[in-house]
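A closer look at the structure
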Amino acid sequence: MNNDKLLTDLLSAWEETYKKGQLTLWVFLSLKEGDKYVDEIKAFVEEQSNQTMTCESQSLYRNLRKYQHIGVVDFKAGEGNKGPDRKYYFLTSLGKELLNQFVSRNIHLFFNPKIKSLLNQED
């Protein structure tokens, strides 16, 4: 296997693992922006991640039910487009605090000057 193929395969495997762990962050960020129904969450994730994250609606519904069950997300019924009511999801106060603490512990690290320098360093 040549190095280009190996690099591509390794990067794909790493990104797949990374993406599985990032869906919650992206969903929570979309809801931090405001109440959304599933298609709006999906669009937010895909647009704001520059199409590097994609998610199926069924995956989102499954995750949203899990988040609701643990009390970090809830929903309210709202009008749909010429159809039945939609579920508009939102972060609960617990969900907002969870997102804030996660970002503080895991995302703000990337704003550390040494880490920023390493990330911007060309080899």
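Worth saying up front: this structure is predicted, and the values here are computed from it rather than measured.

**Looking at the packing of aromatic side chains**
Under the defined criterion, the tally for this structure stands at three aromatic pairs. Here the aromatic rings of phenylalanine 28 and tyrosine 67 are separated by 5.2 Å at their centres, their planes lie at 85 degrees, and the arrangement is edge-to-face. Of this pair, phenylalanine 28 sits in helix α1 (residues 3-33) while tyrosine 67 sits in helix α3 (residues 57-70); the two residues are 39 residues apart in sequence, bridging distant segments of the chain. Taken individually, phenylalanine 28 and tyrosine 67 each receive the classification buried, so the pair is uniform in this respect. On the basis of an interplanar angle of 80 degrees and a centroid distance of 5.5 Å, the ring pair of tyrosine 37 and tyrosine 88 is categorised as edge-to-face.

**Some words on the environment of leucine 91**
Tracing the sequence through the fold places leucine 91 in strand β2 (residues 86-91). You can call leucine 91 buried: its relative accessible area is 6%. Through-space distance from the C-alpha of leucine 91 to that of aspartate 74 is 6.5 Å; in sequence the pair is 17 residues apart. In this view, leucine 91 contacts Phe28, Leu31, Lys32, Val72, Val73, Lys96 and Leu99; residues no more than four positions away in its chain are not counted.

**A look at the pattern of salt bridges**
Counted according to the given criterion, the structure contains four salt bridges. Residue glutamate 33 pairs with lysine 36 through a salt bridge whose shortest N-O separation is 2.9 Å. With relative accessibility at 58%, the residue glutamate 33 sits in the exposed group. In this structure lysine 36 comes out as buried when scored by relative accessible area, which is 8%.

**Things to note about the side chain of glutamate 46**
Along the chain, glutamate 46 turns up in helix α2 (residues 38-48). Accessibility expressed as a relative area gives 18% for glutamate 46, which makes it buried. Here glutamate 46 is in contact with Gln51, Met53, Thr54 and Cys55, once residues within four sequence places are set aside.

**Considering the nonpolar core**
In globular proteins that are soluble, nonpolar side chains generally tend to be buried together. Ranked by internal contacts, the top residues of the largest apolar core, which has 21 residues, are Val27, Phe28, Leu31, Ile41, Leu64 and Val73. Mapped by element, the contributors of at least two residues to this core are α1, α2, α3, β2 and α4 (93-107). Apart from residues no more than four positions distant in its own chain, isoleucine 41 is found in contact with Val27, Ser30, Leu31, Lys36, Leu60, Leu64 and Tyr89.

**Quick notes on unusual backbone geometry**
Positioned with a positive phi, asparagine 50 is a non-glycine residue whose angle comes to about 55 degrees. For asparagine 50, a relative accessible area of 65% translates into the label exposed. Backbone geometry at glutamine 51 places phi at a positive 65 degrees, although glycine is not the residue there. Relative to the elements of secondary structure, glutamine 51 occurs in the loop between α2 and α3.

Rules behind the numbers
- Residues numbered from 1 in each chain as written.
- Predicted model: local features only at pLDDT ≥ 70, side-chain atom pairs only at ≥ 80, totals over all residues.
- Heavy atoms only, no water.
- Phe/Tyr/Trp six-rings, centres within 6.5 Å; stacked < 30°, edge-to-face > 60°.
- Helix = DSSP H or I, 4+ residues; strand = E, 2+ residues; numbered from the N terminus.
- Buried < 20%, exposed > 50% of the residue type's maximum accessible area, 1.4 Å probe, protein only.
- Contact = heavy atoms within 4.5 Å.
- Salt bridge = Lys/Arg side-chain N within 4 Å of Asp/Glu carboxyl O.
- Core = buried A, V, L, I, M, F, W, Y, C linked by side-chain atoms within 4.5 Å.

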